[in-house]
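Per-entry structural report
As a plain string of letters, each chain reads:
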Amino acid sequence: MADENALGEPAAGDLPPDATDREYVDRAIELAEAAVAVGDTPFGALLVVDGEVVREARNETRTEEDVAAHPELTLARWAAREFGADEPAACTMYASTEPCPMCATAIHYAGIDRVVFGVDGETLADLSGGVVPIPCEEVIRRADGETSVEGPIAADAATSVHESFFGEP
């Protein structure tokens, strides 16, 4: 497995192997802040297998001029390419924000077992007005998927990043 994030940088080595869901979501929020720092919108995500962060990504839709450069899609595509057939089933994706329908579909196709997110898409829609408000869990359910979806966790911290970027409603 990789020891670099999707940006070719070292993965978060400062998280302990017994990190909690909240600690992983907090790291995803840090990645969202890093995205904003370079001119992108505030989204970050990471993949964890057996307590090890194996890959991280931040939004790159603006800097790469690619509407599909969402971190969740980047990580789902990476997992589908790099993992063996059964490995994604041991994988949890942590995201600063609930994955959009495009990303949820990729997560399903990649076979990722679990998703945990910081703030829900409905809250994001209220702040930004520019999202498709279909919950990740509903997309997975409609696809007859088995990925479990949990959140929001750390909603205040994750919402704060979006409020700083999009402004308060």
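Refer to the structure printed above.
Everything in this summary refers to the structure shown in the same document. Just so it is clear, the model here is predicted, and its values are computed rather than measured.

1. Details of the environment of G111
Note that G111 resides in the loop between α3 (101-110) and β4 (114-119). Judged by its relative accessible area of 32%, G111 falls in the partly exposed class. The sequence separation of G111 and A79 amounts to 32 residues, and the corresponding C-alpha distance is 8.7 Å. With residues up to four places along the chain from it excluded, the contact list for G111 reads P88 and A89.

2. Observations regarding the nonpolar core
Ranked by internal contacts, the top residues of the largest apolar core, which has 26 residues, are L47, A76, F83, M93 and I112. Leave out the neighbours within four places in its chain, and L47 touches E52, V53, V54, R55, L75, W78, A79, C91, T92, M93 and I112.

3. Some thoughts on the packing of aromatic side chains
According to the stated counting rule, one finds two aromatic pairs in the structure shown. Plain terms: the ring middles of W78 and F83 are 5.3 Å apart, the flat faces sit at 75° to each other, and that makes the pair edge-to-face. Each member of the pair, W78 together with F83, is buried.

4. Some remarks on the sheet that holds strand β2 (residues 52-58)
Read from one edge to the other, the open sheet built from five strands follows the order β2-β1-β3-β4-β5, with strand pairing classed as mixed. At either margin of the open sheet sits one strand with a lone partner, and together these are β2 and β5 (148-150). Taking the axes of each pair of neighbouring strands and ignoring which way they run, one obtains an average angle of 20° across the sheet. One ladder, built from five bridges, connects strand β3 (residues 91-97) with β4; its direction is parallel. If you follow Y94 over to β4, its bridge partner there is V116. Helix α1 (residues 21-37) rests against β1 (44-49), β2, β3, β4 and β5 of the sheet, and its axis sits at about 145° to β1. The strands that helix α6 (residues 155-166) touches are β3 and β4; relative to β4, the one it contacts most, it runs at about 65°.

5. Concerning the state of the cysteines
A complete count under the given rule lists zero disulfides for this structure. Among the cysteines around C100, which has no disulfide bond, C103 carries the closest sulfur, lying 3.6 Å off.

6. Remarks on the side chain of T147
Relative to the elements of secondary structure, T147 occurs in the loop between α5 (136-142) and β5. Classification of T147 by relative accessible area gives buried; the value is 11%. Not counting chain neighbours up to four residues away, the residues in contact with T147 comprise I107, H108, I112, D113, R114, V115 and I140.

7. Quick look at unusual backbone geometry
In this structure, the amide linkage connecting G151 to the following residue, P152, adopts the cis form with an omega of 5°. Looking at where P152 falls in the secondary structure, it is placed in the loop between β5 and α6. Unusually for a residue other than glycine, E65 sits at a positive phi of about 50°. In this fold, E65 is placed in the loop between β2 and α2 (71-82). Using a relative accessible area of 74% as the deciding quantity, one classes E65 as exposed. Although it is not a glycine, D144 sits at a positive phi angle of roughly 60°. Along the chain, D144 falls in the loop between α5 and β5. You can call D144 exposed: its relative accessible area is 70%.

The rules behind these values
- Residues numbered from 1 in each chain as written.
- Predicted model: local features only at pLDDT ≥ 70, side-chain atom pairs only at ≥ 80, totals over all residues.
- Heavy atoms only, no water.
- Helix = DSSP H or I, 4+ residues; strand = E, 2+ residues; numbered from the N terminus.
- Buried < 20%, exposed > 50% of the residue type's maximum accessible area, 1.4 Å probe, protein only.
- Contact = heavy atoms within 4.5 Å.
- Core = buried A, V, L, I, M, F, W, Y, C linked by side-chain atoms within 4.5 Å.
- Phe/Tyr/Trp six-rings, centres within 6.5 Å; stacked < 30°, edge-to-face > 60°.
- Pairing = 2+ DSSP bridges.
- Axes fitted to C-alpha atoms, helices over the stretch in contact; angles between N-to-C directions.
- Disulfide = S-S within 2.5 Å.

Everything listed is a geometric property; what it means functionally is a separate question.
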